[in-house]
Amino acid sequence: MIRIVDYGVGNIQAFMNMFKRLDIVAKRAHTATELQDATHLILPGVGAFDHAMEMFNKSGMRPALEELVLDKKIPILGICVGMQMLAGSSDEGKLQGLNWIPGHVRSFSSNPQSNSLPLPHMGWNDISIKLHGPLFKGFDNFPRFYFLHSYYFTCQEREHVAATAEYGFNFDCVISSENIYGIQCHPEKSHSSGAKLLKNFSEL
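So, how was this worked out
Residues numbered from 1 in each chain as written. Predicted model: local features only at pLDDT ≥ 70, side-chain atom pairs only at ≥ 80, totals over all residues. Heavy atoms only, no water. Helix = DSSP H or I, 4+ residues; strand = E, 2+ residues; numbered from the N terminus. Rg over C-alpha atoms; globule rule 2.2 N^0.38 Å. Buried < 20%, exposed > 50% of the residue type's maximum accessible area, 1.4 Å probe, protein only. Contact = heavy atoms within 4.5 Å. Areas by Shrake-Rupley, 256 points an atom, 1.4 Å probe, with all protein chains shown as cover. Lys, Arg positive; Asp, Glu negative; His and termini not counted. Charge placed at Lys NZ, Arg CZ, Asp CG, Glu CD. Arc of directions from axis to C-beta. Axes fitted to C-alpha atoms, helices over the stretch in contact; angles between N-to-C directions. Parallel < 35°, antiparallel > 145°, perpendicular 65-115°, else oblique. Nonpolar A, V, L, I, M, F, W, Y, C, P; charged D, E, K, R; others polar. Salt bridge = Lys/Arg side-chain N within 4 Å of Asp/Glu carboxyl O.

Chemist: Please explain the overall build of the protein as it appears in this structure.
Modeler: For the protein, the count of helices and strands is 6 helices and 12 strands. The C-alpha radius of gyration of the protein comes to 16 Å, within 12% of the 17 Å expected for a compact globule of 204 residues. Taken along its principal axes, the extent of the C-alpha atoms in the protein is 45 × 40 × 30 Å. When burial is assessed residue by residue, the protein has 54% of its 204 residues classed as buried. The long-range fraction of contacts in the protein, counting pairs at least 24 apart against all pairs at least 6 apart in sequence, stands at 71%. Within the structure as shown, the protein displays about 8,900 Å² of accessible surface, and the carbon and sulfur contribution to it stands at 50%. Counting 18 positive and 20 negative side-chain charges, the protein places the centres of these two groups 5 Å from one another.

Chemist: Would you take a moment to explain helix α1 (residues 12-21) for this structure?
Modeler: Three or four residues apart is the spacing at which side chains of an α-helix point the same way, because the helix has 3.6 residues per turn. By the burial criterion, the buried members of α1 are Ile12, Ala14, Phe15, Met18 and Phe19. Considered in projection along α1, the buried side chains sweep an arc of 160° and stay on one side of the axis. In α1, those exposed residues whose orientation departs by more than 90 degrees from the buried face are Lys20 and Arg21. Against β1 (2-5), β2 (26-29), β3 (40-43), β4 (76-79) and α6 (191-202) lie the buried residues of α1. In the stretch just after α1, Asp23 is the one whose phi turns positive, near 60°.

Chemist: I keep staring at the packing of α1 against α6 and nothing clicks. Help me out?
Modeler: Each pair of packed helices can be described by the angle between their axes along with the distance between the axes. For the pair α1 and α6, interaxial distance at closest approach is 10 Å and the crossing angle is 80°. One finds that α1 runs roughly perpendicular with respect to α6. Facing α1, whose interface residues are Phe15, Met18 and Phe19, α6 presents His191, Gly194, Ala195 and Leu198. Among the residues forming the contact of α1 with α6, the class breakdown is 5 nonpolar, 2 polar and no charged.

Chemist: Explanation requested: the pattern of salt bridges in the structure shown.
Modeler: Once their charged atoms are close, side chains differing in charge can pair, the charge on each being opposite to the other. Taken as a whole and judged by the stated rule, the model has 9 salt bridges. Between Arg62 and Glu66 there is a salt bridge whose closest N-O contact spans 3.0 Å. Here Glu66 and Arg62 lie together in helix α4 (residues 62-71), a separation of 4 residues that amounts to about one turn. Across the pair Lys73 and Glu178 runs a salt bridge, and its minimum N-O distance is 3.1 Å. Residue Lys73 is located in the loop between α4 and β4, and its partner Glu178 is located in the loop between β11 (170-177) and β12 (180-183); the two are separated by 105 residues in the primary sequence. Here the salt bridges share partners, and the residues they tie into one network are Lys137, Lys199 and Glu203.

By themselves, these figures tell us nothing about what the structure is for.
See the structure below:
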């Protein structure tokens, strides 16, 4: 059972629609109890980092999610701000992230290689796959995905970088560590590439 963590932040219905088209069973989880039957977890997120972390911490689901992910090794996929929450901290706010994959979230506007580019980084962009793990089964080296963000994840350890994209410079856009995955782009808006990635995730 795929459980989509519904803590009040993120376009949950778009994921529900995508999984329905894929004929994959997925349900929302509003409470810690509803998480308990999860075999896979989706952590969505949109908007500001601190708001997402505050809403998640208030949801009452964090202890249960930590047990499932860190102790029971249930696969989880953080998406957009949900990926950024996997970091330890963000330039966008003051709250601590989950720190499940060590890293820091930075602003494109603070990087001299990208500070003159339009923000947010929006639209279709190629990604360059660095780790051909199960998440990218059946993909070529440079699939296209849809992006919408002004901040980017910087991994502390390069071994956690599964793919990069270019926006003035190469930034980390897909990350992984054991059962924990994050993707900056939006698979729910990325048509066939997004559907393939979510299907691969469901088969982990």
